[in-house]
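If you want the building blocks of each chain, they are given just below.
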Amino acid sequence: MYLKVITALTLLGFPAASVSSASAPPRELRWAGDPEGGAPFVQANPADPTRLTGFDVEIASLLARGLGRIPQFVFVQFTSIDQSVERDDADIGLSGIEDTPTRRAVMCPTIPYYEFREVLTVRDSDVARLRTLADFAGRRVATLAGTIAYEILLRAEGRYGIQAVSYEDDVHPYEDLRLGRVDGVLLDNVLAERRRREMSGITVQPGTVAVGHYVGILASRNGALREAMNESLRAAMRDGSLERILRKWGVWNDDQPRLYARLLAGKPVPPISGVDGVIGVATLTRWQATRRYLPSLIRAAGVTLLLSCLSMALAVCLGVLIASGRVYGTALVRLTLTGYVELMRGTPILLQLFVIYYGLAAAIRLPAFAAALTGLALNYAAYESEIYRSALEAVPVGQLEAARTLGLSERQVLTLVRGPQAFRLALAPMTNDFVALLKDSSLVSVLTVMELTKQTQVFATNLGSWVIPGLLCAAIYLAMSLPLAGAARRLERQWKAPTL
Amino acid sequence: MEGADTVSAPVLEVRDVHVCRGARRILNGVSFVVSKGGLVALMGPSGSGKTTMLRAIAALERFDEGLIIVDGLMLEGGRAIHGELLRQLRRRVGLVFQFHHLFEHLSALKNITLAPIHAHGTAVDDAATRALELLRSLGIEQRAHALPRELSGGEAQRVAIARALAVEPPILMMDEPTASLDPARRTELGELLRRLATGDRAILVSTHDEEFAREFATDILRLDDLQGQ
């Protein structure tokens, strides 16, 4: 949190104000990273959370020293580092960032400073039967969004019939592996070995699925700065500085001397090797890239629509019950339901989703879609119930008294007179809520549900631009929400006609 | 009581009814009788408690003391009315509110058939047939499928009367029925009520319209005269 405050101030320009008045070259090297990923890359120092540690922190210092500057950290979420660097929030991104064909095409990556292997991690009980991707046919394999591993898994979906599951961080894939929500995790050996040391019951398979590299990432316009940094990295490879840093963090292995020898000899190093056809979309034309991603965007839109419709249906049913309880219930029922409504409205929906999916996992192990559906429905039920309660209370007392004098029971008054009239009053705000839910459903990507916004983010990351994916995503959302609004208007008009 | 020259079996008896709201005494020992076949006007100035009296008879308001007997069904002051007693009362008393309170989401026909079908178990077709008969007798059969907001004030009032009569209560009460009617419509209403107040049915109308009461009522009860008797 402290780091985020520092970063926010940094982005707002507070530290920059002290140096921006001078025309001299910048004295600071702003480097972007995500401490959420943790050690050994970047993490808050356990002894002093206001300071950062990790091998990327030390490499940032090494690069800054080479340029005669002072390193200054900028917090950026892992999946947004490229875009953040491109828009000049930072000079370089360093956080276990992978070298990819896309990054080479649209940005300025440094030479690699570390070679990693993509490896599979499985539960101990599956070690003998789940050795390669081909063994995972019909099974779920998790990884981190926006990584080479995710691209590999997407290819394997078509080739082996596996199901790729993407996460926002590298901790929950392994937790879900242990819980049985996924059957394997494909990530680089640095992350896999770290989790294996921290968790029991999981094994890292010895086979290598692919070989990749960590690089620093700079904006496409910063070619000169990149060359200066490359010189610093080569010098650190020659004098052993890099080796010392990597040994200190326990990630040095025999792959690194071979990598450094190739780089110092001026030999080309491909971004990825060991897997056929794993390329980004940046080498394609934008039209080709769009055509390639469109089916997955439409599939994700289907998930969004299905999730939103089911969640809303459930929220409406629960909302009606809650509203009825608050209007007709005993004091205890009213108090309990009021507490529920305030709890759901007063806490972030993201927190509720995390609690339902991860917090309750020990007691109820809901699948991701079911957890997302439950979370959205429970949250929106609170808002719906308030709409229905106010609509019920807005029905004139005279209508209720007229119904009672005719001999209708209180239940019949509710279902035949008060409810139908209240529902007409609630229709417009309900429609608003449905459109809001359609958009809020993007939050469930944190539970590994691949909905439209998440799929767009993957598209944008691989394309290296948000323009086409963003416009396409907006168009699909509009294509879903505008007919909904139109249908609601038609329904309102229809309900104004006589009931024969 | 003026003009109470026709003696018939009482369908409504109010005995020494008191209604208080906080320190305010609204009805102070009101007593009167309404007999079958009568068209009775309950008169008094605005705020004298006419509407409260009707609401107490319909069990929409609590009364603190006294007794109300509706077609043999006894309601005691200060006691909650619910369950079977309330159900039986609803079958005996029809009430047409001053502002009608037709159900806004239902057509005129469905307003009338709602209670017979759902509260009294009448078959849908039978209820619809009876509703159309009522609308025909009230001269507005052609408005059966109109929504309340599409009806004129007079038409809405007739639909409200038909709705109250659909369960065939022995007593029909109307609250200030002439309040928003022009003279021609008022006369039409008076003649209609005369036709309806026959046989086993009585009509009790709260009004401050002296002319209407003198012209059409069989009995006129002045609320001020009924207190404390």
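Quick caveat, the model's predicted, so the values are computed rather than measured.

Definitions and cut-offs
- All residue numbers here refer to positions counted from 1 along the written sequence of the relevant chain.
- Chain A is the first chain written and ligand 1 is the first ligand written, with later ones labelled in order.
- Selection of residues for local features in this predicted model requires a pLDDT of at least 70, selection of side-chain atom pairs for listing and counting requires 80 or more, and totals for whole chains, interfaces and linings are taken over all residues.
- For the side-chain quantities, the full set of heavy atoms in the structure was used; hydrogens and water were omitted.
- Labels follow the DSSP assignment, with helices taken as runs of H or I lasting at least four residues and strands as runs of E lasting at least two, numbered in each case from the N terminus.
- Exposure categories follow from relative accessible area, calculated using a 1.4 Å probe and restricted to protein chains: below 20% of the type maximum is buried, above 50% is exposed, and the middle band is partly exposed.
- The contact rule is simple, with two residues in contact once any of their heavy atoms fall within 4.5 Å.
- For the area figures, the Shrake-Rupley method with a 1.4 Å probe applies, and any residue is considered shielded solely by the protein chains shown.
- A pocket here means an open set of points on a 1 Å grid, computed over the protein atoms alone, that has protein on both sides within 12 Å along at least five of seven lines. A cavity is instead a set of points where a 1.4 Å probe fits but cannot get out; residues with an atom within 4 Å of a point line either one.
- Grid points are joined across faces, edges and corners, and a volume is the space filled by probe spheres set on the points.
- For this classification, the nonpolar set comprises Ala, Val, Leu, Ile, Met, Phe, Trp, Tyr, Cys and Pro, the charged set comprises Asp, Glu, Lys and Arg, and every other residue, Gly included, is treated as polar.
- Here's the idea: put two parts together, see how much 1.4 Å probe accessible area each one loses, and the total over both is what we call buried area.
- By convention in these notes, a salt bridge is any Lys or Arg side-chain nitrogen within 4 Å of a carboxyl oxygen on Asp or Glu.
- Polar contacts here mean pairs of N or O atoms no more than 3.5 Å apart (in protein, one a potential hydrogen donor and the other a potential acceptor; neighbouring residues in sequence count only if both atoms are side-chain atoms).
- Under the convention used throughout, the expected extent of a helix is 1.5 Å for every residue step, that is, one less than its residue count.
- Strands qualify as paired when DSSP identifies two bridges or more between them.
- Only the stretch in contact is used when a helix axis is fitted, and all axes are lines through C-alpha atoms; the angle between N-to-C directions ranges over 0 to 180 degrees.
- Only four residue types enter the charge count, namely Lys and Arg as positive and Asp and Glu as negative; His and the chain termini do not.

S.K.: Sorry, what's going on with the overall build of chain A here?
M.R.: Secondary structure summary: chain A contains 19 helices and 13 strands in total. Counting all 500 residues of chain A, 53% fall into the buried class. Within chain A, counting contacts between residues at least 6 apart in sequence, those at least 24 apart form 75% of the total. Of the roughly 21800 Å² that chain A leaves accessible, carbon and sulfur atoms contribute 60%.

S.K.: Whenever I open this one, the layout of surface pockets confuses me. Can you help?
M.R.: Unoccupied space between atoms shows up once a probe the size of one water molecule is rolled over them. Counted as a void, the largest pocket has a volume near 740 Å³. Taken together, 27 residues make up the lining of the largest pocket; nearest its centre are Tyr150, Glu157, Ala164, Met450 and Gln455 of chain A. Of the residues in the lining of the largest pocket, the class split is 14 nonpolar, 6 polar and 7 charged. Together, 24 residues line the second largest pocket, and Ile81, His82, Leu86, Arg87 and Arg90 of chain B are the ones closest to its centre.

S.K.: I keep staring at the interface of chain A and chain B and nothing clicks. Help me out?
M.R.: Interface size is often expressed as the accessible area that is lost when the parts come together. Counting residues at the interface gives 21 residues for chain A, matched by 25 residues for chain B. When chain A packs against chain B, the two sides together hide about 2000 Å² of surface, and 62% of this comes from carbon and sulfur. The residue Arg55 of chain B makes a salt bridge to Glu401 of chain A at a minimum N-O spacing of 2.5 Å. In this structure, the connection of chain A to chain B is made through 7 residue pairs in polar contact (both at pLDDT 80 or more). Counting only elements with at least two residues in the side of chain A that touches chain B, the list comes to α16 (397–405) and α17 (410–440) of chain A. The element best represented in the side of chain A that touches chain B is α16 of chain A, accounting for 7 residues.

S.K.: Looking at this structure, I do not really get helix α6 (residues 148–160) of chain A. What am I missing?
M.R.: A turn of α-helix holds 3.6 residues, and therefore any two residues three or four places apart point the same way. Residues and elements named next belong to chain A. The terminal C-alpha atoms of α6 lie 17 Å apart, and with 13 residues this matches the ideal 18 Å at 1.5 Å per residue to within 8%. Buried within α6 are the following residues: Ile148, Ala149, Tyr150, Glu151, Ile152, Leu153 and Ala156. Two residues or fewer after α6 comes Gly161, characterised by a positive phi angle close to 75 degrees.

S.K.: Would you explain the pattern of salt bridges in this entry?
M.R.: Residue and element names in this part refer to chain A. Evaluation of the coordinates by the stated rule reveals 47 salt bridges over all chains. Residue Asp88 is joined to Arg221 by a salt bridge in which the shortest nitrogen-to-oxygen separation is 4.0 Å. In this pair, Asp88 is assigned in the loop between α4 (81–86) and β5 (92–93) and Arg221 in the loop between β13 (217–218) and α9 (223–239), connecting sequence segments 133 residues apart. A salt bridge links Arg196 to Glu193; the nearest nitrogen and oxygen atoms lie 2.9 Å apart.

S.K.: Teacher, can you tell me more about the sheet that holds strand β8 (residues 202–207) of chain B here?
M.R.: In a beta sheet, neighbouring strands are held together by backbone hydrogen bonds and run either parallel or antiparallel to one another. Residues and elements named next belong to chain B. Strands sit in the order β6-β7-β8-β3-β9 across an open sheet of 5 strands; the sheet is parallel. Pairing within the sheet leaves two strands with one partner each, and these edge strands are β6 (93–96) and β9 (219–222). Mean inter-strand twist for the sheet, computed between neighbouring axes without regard to direction, equals 20 degrees. Inspection of the sheet shows strand β3 (residues 39–43) paired to β8 by 5 bridges, in the parallel sense. The partner of Val40 across the bridge, within β8, is Leu204. Relative to β8, helix α6 (residues 183–196) is tilted by about 150 degrees, and along the sheet it contacts β3, β7 (171–175) and β8.

S.K.: What exactly am I supposed to notice about the pairing of strand β7 (residues 114–123) of chain A here?
M.R.: Residue and element names in this part refer to chain A. Among the 10 residues that make up β7, 9 are buried, leaving the element largely enclosed by the rest of the structure. Pairing of β7 with strand β12 (residues 210–214), which is carried by 5 bridges, proceeds in the antiparallel orientation. Among the inter-strand pairings, Arg117 is bridged to a residue of β12, identified as Val211. Here β7 pairs with strand β10 (residues 184–188) via 4 bridges, running antiparallel. If you follow Thr121 over to β10, its bridge partner there is Val185. In this sheet, strand β11 (residues 202–204) lies alongside β7 in antiparallel orientation, the contact comprising 3 bridges. Bridge pairing in β11 links Val122 to Thr203.

S.K.: Hey, could you run me through the sheet that holds strand β1 (residues 10–21) of chain B in this one?
M.R.: Residues and elements named next belong to chain B. Pairing is antiparallel in the open sheet, where 4 strands are placed in the order β2-β1-β4-β5. The open sheet is flanked by β2 (24–35) and β5 (73–76), the only strands paired with a single partner. Neighbour-to-neighbour, the strand axes of this sheet turn through a mean angle of 15 degrees, independent of strand direction. Relative to strand β4 (residues 65–70), β1 runs antiparallel, the two sharing 5 bridges. Residue pairing in the sheet places Val14 in a bridge with Ile68 of β4. In this fold helix α1 (residues 50–57) packs onto β1, β2, β4 and β5, with an angle of close to 65 degrees to the strand it touches most, β2. Together, β4 and β5 form the strand contacts of helix α2 (residues 83–92), whose direction differs from that of β5 by roughly 120 degrees.

S.K.: I keep staring at the environment of Cys309 of chain A and nothing clicks. Help me out?
M.R.: Here Cys309 of chain A is to be found in helix α12 (residues 286–328). With 125 residues separating them in the primary sequence, Cys309 of chain A and Phe434 of chain A have C-alpha atoms 8.2 Å apart.

S.K.: When you look at the side chain of Arg418 of chain A in this model, what are you seeing that I'm missing?
M.R.: Residues and elements named next belong to chain A. Turning to its location among the elements, Arg418 is positioned in helix α17. Here Arg418 is buried and forms no salt bridge, its nearest opposite-charge partner Glu393 lying at an N-O distance of 6.0 Å. Among the polar contacts made by the side chain of Arg418, one reaches the main-chain carbonyl oxygen of Leu392 at a distance of 3.0 Å. Apart from residues lying up to four places away in sequence, Arg418 is in contact with Val327, Tyr328, Leu392, Glu393, Val395, Leu400 and Val413.

S.K.: For this particular structure, what's the right way to read the pairing of strand β1 (residues 28–33) of chain A?
M.R.: Two faces make up the sheet, and in a regular strand the side chains alternate between them. All names here are of chain A. The sheet contact formed by β1 and strand β4 (residues 70–75) spans 6 bridges and is parallel. Bridge assignment links Glu28 to a residue of β4, and that residue is Ile70. Alignment of β1 against β5, held across 2 bridges, turns out to be parallel. Residue pairing across strands places Ala32 opposite Gly93, the latter belonging to β5.

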